[in-house]
Amino acid sequence: MTSFNLDKMNCELKAGLAHYTLGPASSAIDLNALLGKRLILKFQLEINCTHCGLKVKKAYSGGYCYKCSLKLAECDMCILKPELCHFAAGTCREPSWGEANCMIPHYVYLANSSGLKVGITRSTQIPTRWIDQGAVAGLPILKVSTRYQSGLFEKLLASELNDKTDWRKMLKGNIEEIDLIQKRDEVFELFGESLDSLENELGAGQIEILENLKPTTIEYPVLVYPEKVSTLSLDKNESVGGILQGIKGQYLIFDTGVINIRSHTGYKVAIEI
Ligand SMILES: [Zn+2]
């Protein structure tokens, strides 16, 4: 039986279908191939910090030991709220990490996860970010030079648009189609003046308005969507699983309920197939 510390599922888009694997690259489990089959995750009663490996009783910031959660830039509040980025003030917790991950081009996008939402992502994370959210379609609408700038624009657009996913709704499937191109045009119409004045503040050439891109659509490996979404957790049960009925976002959908793999980052599990 193979065992490892859980991390978010890896995903790739292949011919329009999300393809998921679980576990370290050397022994990754092809989850799509397990659809309709039995899969059990057995908690080994051990949680390890995803950064330093320290054995901990409880994970902080979604998978870290307390010390790492305090010192790593990726655990700072500005990751959740990029408009609070303090790199320019010289107080980034890890400037080299900031250089590599935040001070690089970002996209502001529209997506349909449980309905229309606005979000941001690094340029390298498309379409991964959308698959992680369980979005059925995504469309970048602005390209900016830093994470901080993307945060300013996201905050602006979120005054009129949703920026959260209702994950229960997302997992039930039957997501109504949205014409993202039409929505993009509406957003530009609605926010044109504010976009111009933000660009003036940030300096010319810092933002690119993406008027002509086409949406990416994403299908998920799901045999049956749950009618009622009941949540499974390794904190409550040492053993979780059943017949794998689908994979969407960072969730495994079993006949017994759903589990968010990402929120179990660092949990050591043995896999029984
Ligand atoms: Zn640590």
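What you see is a predicted model, and the numbers here were worked out from it, not measured in a lab.

Engineer: Would you explain empty space enclosed by the protein in this entry?
Structural biologist: Unfilled space is identified by rolling a water-sized probe across the atoms. Applying the stated criterion across every chain yields a total of one cavity of 30 Å³ or more. Around the largest cavity, the lining residues are Ala73, Cys78, Ile79, Pro82, Cys85, His86, Phe87, Cys92, Trp97, Gly98, Cys102 and Arg147. Those elements giving two or more residues to the lining of the largest cavity turn out to be α2 (77-80) and α3 (95-101). Per-class residue counts for the lining of the largest cavity are nine nonpolar, two polar and one charged.

Engineer: Explain the coordination of the zinc ion here, please?
Structural biologist: A metal bound by six donors in octahedral fashion has ideal angles of 90 or 180 degrees, whereas one bound by four tetrahedral donors has an ideal angle of 109.5 degrees. Protein ligation of the zinc ion involves Cys49 (SG), Cys52 (SG), Cys65 (SG) and Cys68 (SG), the donor distances falling in the range 2.3 to 2.4 Å. Of note is the zinc ion, whose four donor atoms meet at the metal with angles of 99 to 115° in an arrangement that counts as tetrahedral. The sequence pattern describing where the donors of the zinc ion fall on their chain is C-x2-C-x12-C-x2-C. In this pair, cysteine 52 sits in the loop between β5 (38-48) and β6 (55-56) while cysteine 68 sits in helix α1 (residues 66-71), placing the two residues 16 residues apart along the sequence. On the basis of relative accessible area, cysteine 52 is assigned to the partly exposed category, the value being 45%. Taking relative accessible area as the criterion, cysteine 68 reaches 1% and is therefore assigned buried.

Engineer: Is there a simple way to explain the nonpolar core in this structure?
Structural biologist: Across soluble globular proteins, nonpolar side chains show a tendency to be buried alongside one another. Grouped together as the largest cluster of nonpolar side chains are 47 residues, with contacts concentrated most on Leu6, Tyr20, Leu31, Leu39, Leu252 and Phe254. When residues of this core are assigned to domains, at least three fall in each of domain 1 (2-53 + 220-272) and domain 2 (104-216). Once residues within four sequence positions are removed from consideration, leucine 6 is found in contact with Leu22, Leu41, Leu234, Ile261, His264, Thr265, Gly266, Tyr267 and Val269. Listed in part, the 20 residues of the second largest apolar core include Leu116, Val144, Leu180 and Phe188.

Engineer: Could you clarify how one ought to interpret the pairing of strand β12 (residues 239-248) in this entry?
Structural biologist: The side chains of a regular strand alternate between both faces of the sheet. Counting buried positions over the 10 residues of β12 gives seven, a clear majority of the element. One ladder, built from five bridges, connects β5 with β12; its direction is antiparallel. Bridging from a neighbouring strand, lysine 42 pairs with serine 239 of β12. Here β12 runs beside strand β13 (residues 251-254); their pairing, made up of four bridges, is antiparallel. Pairing of lysine 248 across the sheet is with tyrosine 251, part of β13. Taken together, β12 and the strand that follows it, β13, pair antiparallel across an intervening segment of two residues, in which glycine 249 is found at a positive phi of about 60°.

Engineer: Looking at this structure, I do not really get the sheet that holds strand β4 (residues 29-30). What am I missing?
Structural biologist: Backbone-to-backbone hydrogen bonds join strands into a sheet, with any given pair of strands oriented parallel or antiparallel. The three strands lie next to each other as β2-β3-β4, forming an open sheet whose pairing is antiparallel. Edge positions in the open sheet fall to β2 (10-14) and β4, since each of these has one partner strand only.

Engineer: For this particular structure, what's the right way to read the domain arrangement of the protein?
Structural biologist: By convention, interface size is frequently given as the accessible area that disappears when the constituent parts associate. Along its sequence, the protein is organised into domain 1 (2-53 + 220-272) and domain 2 (104-216). Here the C-alpha centre of domain 2 lies 28 Å away from the C-alpha centre of domain 1. Every contact between the two is made by 20 residues of domain 1 and, on the other side, 18 residues of domain 2. Together, the buried faces of domain 1 and domain 2 total about 1400 Å²; carbon and sulfur atoms form 63% of this surface. Our count for the domain 1 to domain 2 interface comes out at one salt bridge. The salt bridge partner of aspartate 132 is lysine 8, with a shortest N-O separation of 3.0 Å. Taken together, the links from domain 1 to domain 2 amount to five residue pairs in polar contact (both at pLDDT 80 or more). Contributions of two or more residues to the side of domain 1 that touches domain 2 are made by β2, β3 (17-22) and β13.

Engineer: Would you mind showing me how to read helix α7 (residues 180-202) here?
Structural biologist: Since there are 3.6 residues in each turn of an α-helix, residues three or four apart along the chain are aligned in direction. Compared with an ideal rise of 1.5 Å per residue, which puts 23 residues at 33 Å, α7 spans 27 Å between its outermost C-alpha atoms and falls more than 12% short. For α7, the full list of buried residues reads Leu180, Arg184, Val187, Phe188, Phe191, Leu195 and Leu198. The distance from a side-chain oxygen at the start of α7 to the backbone nitrogen of isoleucine 181 is 3.1 Å, and the residue carrying that oxygen is aspartate 179. Looking one or two residues past α7, glycine 203 carries a phi angle of roughly 110°, positive in sign.

The rules behind the values
Residues numbered from 1 in each chain as written. Predicted model: local features only at pLDDT ≥ 70, side-chain atom pairs only at ≥ 80, totals over all residues. Heavy atoms only, no water. 1 Å grid on protein atoms, 1.4 Å probe; cavity = no way out; pocket = protein on both sides within 12 Å on 5 of 7 lines; lining within 4 Å. Points joined across faces, edges and corners; volume = space filled by probe spheres on them. Helix = DSSP H or I, 4+ residues; strand = E, 2+ residues; numbered from the N terminus. Nonpolar A, V, L, I, M, F, W, Y, C, P; charged D, E, K, R; others polar. Donors = N, O, S within 2.8 Å, 3.2 Å for Na, K, Ca; no water. Tetrahedral: all angles 85-135°; square planar, octahedral: opposite > 155°, others 65-115°. Buried < 20%, exposed > 50% of the residue type's maximum accessible area, 1.4 Å probe, protein only. Core = buried A, V, L, I, M, F, W, Y, C linked by side-chain atoms within 4.5 Å. Domains from an automatic or database assignment. Contact = heavy atoms within 4.5 Å. Pairing = 2+ DSSP bridges. Buried area = accessible area lost by both parts, 1.4 Å probe. Salt bridge = Lys/Arg side-chain N within 4 Å of Asp/Glu carboxyl O. Polar contact = N/O pair within 3.5 Å; in protein donor to acceptor, adjacent residues only side chain to side chain. Expected span 1.5 Å × (residues − 1).

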